[in-house]
Amino acid sequence: MTEQVVSEFLAARRPRRTDAARNFDALLAAAREAFAEHGAEASLEDIARRAGVGIGTLYRNFPTRRHLFETVYADEVGELSLAAEELSAEPPWEALSDWLRRFVAHALTKRAIREALAGEETEVFVACRRLMYDASAPLLHRAQAAGEVRADMSIDDLLRLVSGVGSVSFADEKQRDRVLSIALDGIRTTA
């Protein structure tokens, strides 16, 4: 059900014309990049410029910053959900750790969006959170069943742990990856 809510939300926002859909996708990619670099205060003009469109095109697609924030967030969660499905064919530990690395990268954008909306819970955010949990839980359960990950940990515990890594500022990506590796070593039962 939550996947359907997120899919319907994105489908309702996405333009039908090919050229308009291309601009929409370019704006989402540019916004994701800008939010990761500059946080919630990223300039809408900069986002339009990065997408190669005018500011009017941005406002036609996203009448308010809130529309842009919610759509970027839902799009990323949709991608993470698909990644979890794709990774489910990998060995349990590799699938889980690869997905968690993607999740931490997503946390940069999520932090900017959550700051902008002052932690307000909307139907879209609730559905996205549920989808994230539903998509990632099977990866955790497979790794636990294989004896590769602590059995006393829930998906909520795990996502909070790696969200903590994603919410901290680091000197560079190498440091972030190193700290995430240390956290992941802490949940493993085997070396």
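As the structure is a computational prediction, the values presented were derived from the model and not from experiment.

Moving on, we come to the overall build of the protein. Each helix and strand in the protein was counted, giving 9 helices and 0 strands. Its helices and strands taken in sequence order, the protein reads α-α-α-α-α-α-α-α-α from the N to the C terminus. Counting only C-alpha atoms and orienting by the principal axes, one finds that the protein spans roughly 55 × 40 × 30 Å. When burial is assessed residue by residue, the protein has 45% of its 191 residues classed as buried. Relative to all contacts within the protein whose residues are 6 or more apart in sequence, the contacts with residues 24 or more apart total 69%. Charge centroids of the protein, computed over 25 positive and 31 negative side chains, lie 3 Å from each other.

A few words on the pattern of salt bridges. Within the structure shown, the criterion is met by 15 salt bridges. The salt bridge partner of E70 is R66, with a shortest N-O separation of 3.5 Å. With E70 and R66 both in helix α5 (residues 65–87) and 4 residues apart, this pair spans about one turn of that helix. Using a relative accessible area of 7% as the deciding quantity, one classes E70 as buried. A salt bridge links R160 to D156, with the shortest nitrogen-to-oxygen separation between them at 3.0 Å. With R160 and D156 both in helix α8 (residues 155–166) and 4 residues apart, this pair spans about one turn of that helix.

A few words now on the environment of G39. For G39, the position within the fold is in the loop between α2 (18–38) and α3 (44–51). Assessed through its relative accessible area of 16%, G39 is described here as buried. Each C-alpha atom, one on G39 and one on R13, is 23 Å from the other, the two residues being 26 residues apart in sequence.

The next point concerns the packing of helix α7 (residues 123–145) against α8. α8 packs onto α7 with a crossing angle of 105° between their chain directions and a minimal axis gap of 10 Å. Looking at the two axes, α7 sits roughly perpendicular to α8. Judged by residue contacts, M132, Y133, S136, A137 and L140 of α7 engage I155, D156, L158 and L159 from α8. Among the residues making up the contact of α7 with α8, the classes are represented as 7 nonpolar, 1 polar and 1 charged.

Right, let's talk about the confidence of the model for the protein for a bit. Mean pLDDT over the protein works out to 87, with 92% of the residues at or above the 70 mark. Across the protein, α3 holds the top mean pLDDT of 96, while helix α1 (residues 2–13) sits lowest at 73.

Take α2 next. Helix length check: α2, at 21 residues, gives a terminal C-alpha distance of 30 Å against a target of 30 Å (1.5 Å per residue), a fit within 8%. G39 occupies a position one or two residues after α2 and carries a positive phi of about 75°.

Each value, and the rule that gives it
- Residues numbered from 1 in each chain as written.
- Predicted model: local features only at pLDDT ≥ 70, side-chain atom pairs only at ≥ 80, totals over all residues.
- Heavy atoms only, no water.
- Helix = DSSP H or I, 4+ residues; strand = E, 2+ residues; numbered from the N terminus.
- Buried < 20%, exposed > 50% of the residue type's maximum accessible area, 1.4 Å probe, protein only.
- Contact = heavy atoms within 4.5 Å.
- Lys, Arg positive; Asp, Glu negative; His and termini not counted.
- Charge placed at Lys NZ, Arg CZ, Asp CG, Glu CD.
- Salt bridge = Lys/Arg side-chain N within 4 Å of Asp/Glu carboxyl O.
- Axes fitted to C-alpha atoms, helices over the stretch in contact; angles between N-to-C directions.
- Parallel < 35°, antiparallel > 145°, perpendicular 65-115°, else oblique.
- Nonpolar A, V, L, I, M, F, W, Y, C, P; charged D, E, K, R; others polar.
- pLDDT = per-residue confidence, 0-100.
- Expected span 1.5 Å × (residues − 1).

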